[in-house]
Amino acid sequence: MAQSFPEDVLEHVFSFLNYDKDRNAVSLVCKSWYEIERLCRRRIFIGNCYAVSPEIVIRRFPDVRAVELKGKPHFADFNLVPEGWGGYVYPWIVSLARAYPWLEEIKLKRMVVTDESLELISKSFKNFKVLVLLSCEGFTTDGLASIAANCRNLRELDLGESEVEDLSGHWLSHFPDNCTSLVSLNISCLGSEVSFCALERLVARCPNLKTLRLNRAVPLEKLPNLLCRAPQLVELGTGAYSAEIQSDIFSNLAEAFLGCKQLKGLSGFWDVVPAYLPAMYSVCSRITSLNLSYATAQNPELVHFVSQCSNLQRLWVLDYIEDAGLEALAASCKDLHELRVFPSDPFDAEANVSLTEQGLVAVSEGCPKLQSVLYFCRQMSNAALVAIARSRPNMIRFRLCIIEPRAPDYLTLEPLDTGFGAIVENCKELRRLSMSGLLTDRVFEYIGTHAKKLEMLSIAFAGDSDLGLHHVLSGCESLRKLEIRDCPFGDKALLANATKLETMRSLWMSSCSVSFGACKLLGQKMPRLNVEVINERGPPDSGPESCPVEKLYVYRTIAGPRVDMPGFVWTMDEQVSSSLSRVTERRGD
Amino acid sequence: MEGYSRKDEGCPQLLDLIPKEKEWLTKSAEEKQTRNGSSEEKQLELRLGPPNGDWTIKNKNISREKDHESLLPFGYFSPWSSSSGYQVKSQKQTTPFLQAHGQLKESSQPNPAKTAVPNSSSSSSAQKRTAPTPVVGWPPIRSFRKNLANGSSSKPVSESQNAVGSKISSEKPIENSPKNLLVKINMDGVPIGRKVDLKEHDSYEKLSFAVDELFRGLLAAQSNFSAGGIKNDEDGGKAITGLLDGSGEYTLVYEDNEGDRLLIGDVPWHMFVSSVKRLRVLKSSELPTLCRGRKHGKRSLDTSPK
């Protein structure tokens, strides 16, 4: 069979396969297909940088043009992963530089990127085009200057929500005058002011620029200068959206927006002065993506602006929108796919806005295409969740955060098991779920029974016993990522479902009841898992084996235990006792 | 919710929660009646199996003596802590997360009456009515999304933050370095707060001195009020000392950009300046016992002692 098609025919056929899943499936058909496929795979996605080593990747795929890597676990976003945990990209860059001189794209998420890495990238890949750094850290604007200066064909520079040490805004001036290739530039996370002249000239000479996300320091009065030079923009992130109320500023702004006929996405809006929102009315009807999650505007100006965007598909907004605003949204934006409502004052126990479960119910009932939700609120009821589940069986991502941990159904004071149960039972395509509120083991039974397509589950302050965790691990067939904090889950469920963990990308458990002994056992018995204990208060063996570990991160890997762990991370493997004594010696100084 | 974790009713309810379609291997009825710990363990061992539903009877290989070598990937591993019975274990399991939430400041042995139903609304609602203690990483929002309601002007930004790693500070979007850095400061017993400009000081000692200057007079006026007008001999009142080391009547604390309350002095000055949101001067006697942990440089006033 394998001889029936010449290799280049197969290669041509494979070139139409873009999804890793398809390419992986094709590789398993037979040895010759595996060989052909690996020689022509150009894009690599590595969901956990420690699951594989650069050498293994390079050995299998010799001619790669795009690499995507993810580092720290998701809970690092909420400061649950201590500083220095890992996720260093430099060793990867060194290997990639040697193996793939024609590499064009590097996308990193939650990784530690140093200026050294950036400089190495800028000098190693002659045809480098795309650099995306999402939620990364460890680099300064000096590293960005290297990228700007040396990447002659740079198309995309996206700094995502990274933490950049801002030494100066001068780095932008390092783009050479003959750089005209930029298509996408996102510097929204940067603090200091970039030279506006340099920015203006850069924008003017890049005719293909489609995405421009400015940082807060770019003043509103200067925005028209940029818009006039880039009327072809599809996505715009403003800087601070505030200025003194002056009619000429307004009219300049309105005129500039009028010229942007292709604009589909808006973001930015720090420090928003509502009086300037109407300057964008001319583009509203074309807007499909709107990120107002930094905009502290309130109703009625806020909802009035949002309601103008009748073709809206994605809305990120603060809870200033309130229930009334969401009801208006439900009436005017029938194309809405995704809604994220962030809390304006997350640490206040009392609600500062009138946003309740009603807003979410209204949007769920009114927007037939709603499939992705992230919602922060202060009260929830089973009835509301059931209503949402019944209205939206097409829900794919449902993340609900009730701000007070373990808050019950505010109407009945019961747990929210039934409500979330309805979600997983009705929403058969659900891929991602984050839960909150008062939840018992029962909700996990529902999840294990119904959530067969669930890939990622986030649990906090929930459950009663190991049975809860067992339901999830034994029932959720598609589970890839499980992250748990502050739940009474311990050894039993974990050890009984040890083999399940090899079918998943990773498991995170912090402030649970997993004992050190169980971690050791898991590590010893499952050589293809890295079982990492994070204990900042001291070595886990300083107490009895039954003592719970602070944090546990388990992930499958073919690279063996990692070698870059800081002092507060211990890996549990066959040599665990000897490695611990080495570590305690090291830390004893 | 049902008293699932109560000792007497635990066993039958455990069976009830097991889905019928899985081949749970249950022991005969008479074993259910015996209330000793080992029979409970035996029943528990039979409950759990491998993820693909391939239930196997491997329990005969699992000794009661918590033999580690008896772990078989497709079998159930008996609990090895010497505690007998499932219920005690589950109570112990409630301890870490309740402690982490900061609601129970008791000893590590939780009162069974209180925690037997740890998630019941009645017990937790009583605790909830008190002011919520800030929990690390909760609510789950990225650092740069916090404190938007307070408006941009009060965000602490300093040039020193830019000069050093800004890993502690997280208010990335803002960063027009203002000329001053005014933060609110309140003192226990003084209803009127003040504002202090952190840019005018470059060390904790200088800050402590400034606090003394700000509040000395106010405090004296306050005590004059309450003491019925007995005038204090010193000019403007008694010096406020020992703010930094706990030796004085008052101690200086601050709230950072994550909403945590922390003692002054743990991190270098520039890091402090980049993360501080407001200051408080608390009576030293009212401070909870501090846990001297290694939580990367922060001593939080909210972690209960181990």
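Residues numbered from 1 in each chain as written. Chains lettered and ligands numbered in written order. Predicted model: local features only at pLDDT ≥ 70, side-chain atom pairs only at ≥ 80, totals over all residues. Heavy atoms only, no water.

To be explicit about the condition: UniProt positions are given in the numbering used here, feature names are shortened, and annotations may be inferred rather than shown by experiment.
Going by the annotation in an unreviewed UniProt entry, the name recorded for chain B is Auxin-responsive protein, with Forsythia ovata given as the source organism. Recorded under Sequence similarities (unreviewed entry), the UniProt text for chain B is reproduced unchanged: "Belongs to the Aux/IAA family." Regarding chain B, the relevant UniProt record gives this comment under Subcellular location (unreviewed entry): "Nucleus".

For chain A, the name recorded in an unreviewed UniProt entry is Protein TRANSPORT INHIBITOR RESPONSE 1, with Forsythia ovata as its organism. In its Pathway (unreviewed entry) section, UniProt records this for chain A: "Protein modification; protein ubiquitination."

1. Section: the pairing of strand β1 (residues 43-46) of chain A
Residues and elements named next belong to chain A. How we decide: Note on classification: 1.4 Å probe, protein chains only; a residue is buried when its accessible area is under 20% of the maximum for its type, exposed when over 50%, partly exposed between these limits. A run of H or I in DSSP counts as a helix once it spans at least four residues, and a run of E counts as a strand once it spans at least two, with each numbered from the N terminus. Two strands qualify as a pair provided that DSSP identifies no fewer than 2 bridges between them. The definition of a right-handed crossover adopted here requires that, viewed with the strands pointing away, the path from the first strand over the helix to the second runs clockwise.
Because side chains alternate across β1, one face comprises the buried residues Ile 44 and Ile 46, and the other comprises Arg 43 and Phe 45, none of which is buried. One ladder, built from four bridges, connects β1 with strand β2 (residues 66-70); its direction is parallel. When the sheet's bridge partners are listed, Ile 46 is paired in β2 with Leu 69. Handedness of the β1-helix α4 (residues 54-60)-β2 crossover: right-handed.

2. Overview of the confidence of the model for chain B
Residues and elements named next belong to chain B. Definition in use: pLDDT expresses, on a scale from 0 to 100, how confident the predictor is about each individual residue. Residue contacts are counted whenever heavy atoms from the two residues lie within 4.5 Å of one another.
Of all residues in chain B, 35% attain a pLDDT of 70 or more, and the chain-wide mean is 56. Mean pLDDT in chain B bottoms out at helix α7 (residues 159-163), which sits at 35, and peaks at strand β3 (residues 250-256), which reaches 87. Note that pLDDT drops below 50 for residues 152-178; the model gives that stretch 83 contacts with residues more than four away or on any other chain. Every residue in residues 302-306 scores below 50 in pLDDT, and together they form nine contacts with partners more than four places removed in sequence or on other chains. The ipTM, which scores confidence in the relative placement of chains, is 0.89 for this predicted complex, and the corresponding pTM is 0.71.

3. Quick notes on the packing of helix α15 (residues 382-391) of chain A against helix α16 (residues 417-426) of chain A
Residue and element names in this part refer to chain A. As a reminder, the rule being used: Helix axes are fitted to C-alpha atoms over the stretch in contact, other axes to C-alpha atoms as well, and angles between N-to-C directions run from 0 to 180 degrees. To sort the angles, those under 35 degrees are grouped as roughly parallel, those over 145 as roughly antiparallel, those from 65 to 115 as roughly perpendicular, and the leftovers as oblique. Just so you know the grouping, Ala, Val, Leu, Ile, Met, Phe, Trp, Tyr, Cys and Pro go in nonpolar, Asp, Glu, Lys and Arg go in charged, and all remaining residues, Gly too, go in polar.
Two elements in contact, α15 and α16, have axes whose closest approach is 7 Å; the angle formed by their N-to-C orientations is 5°. One element, α15, and the other, α16, form an angle in the roughly parallel class. Facing Asn 382, Leu 385, Val 386, Ile 388, Ala 389 and Arg 390 of α15, the residues of α16 in contact are Asp 417, Thr 418, Gly 419, Phe 420, Ala 422, Ile 423 and Asn 426. Taken together, the residues of the contact of α15 with α16 break down into seven nonpolar, four polar and two charged.

4. Notes on a nonpolar patch on the surface
The criterion, for reference: Every patch collects residues that have over 30% relative accessible area and no salt bridge, joining them within 9 Å if they carry like charges and within 5 Å if they are nonpolar side chains (Val, Leu, Ile, Met, Phe, Trp, Tyr). Computed with a 1.4 Å probe, the accessible areas rest on the Shrake-Rupley method; for each residue, only the protein chains presented here act as cover. Salt-bridge detection follows one rule: a side-chain nitrogen of Lys or Arg within 4 Å of a carboxyl oxygen of Asp or Glu.
Side chains of Phe5(A), Val9(A) and Val13(A) sit close together on the surface and give an oily, nonpolar patch of about 250 Å² of accessible area. Take Val13(A): it is sitting in helix α1 (residues 7-14).

5. Digging into unusual backbone geometry
Backbone torsion omega between Asn299(A) and Pro300(A) reads 5°, so that peptide bond is classified as cis. For Pro300(A), the location among the structural elements is in the loop between β12 (289-292) and α12 (301-307). Following Trp138(B), the chain continues to Pro139(B) via a peptide bond in cis, the omega torsion being -5°. Assignment of secondary structure puts Pro139(B) in the loop between α6 (121-128) and α7. Even without being a glycine, Phe461(A) presents a positive backbone phi close to 50°. Relative to the elements of secondary structure, Phe461(A) occurs in the loop between β18 (456-460) and α18 (466-475). With phi around 55°, Ser511(A) is a residue other than glycine that occupies positive phi space. On the secondary structure map, Ser511(A) appears in the loop between β20 (506-510) and α20 (516-525). The class for Ser511(A) is partly exposed, based on a relative accessible area of 22%.

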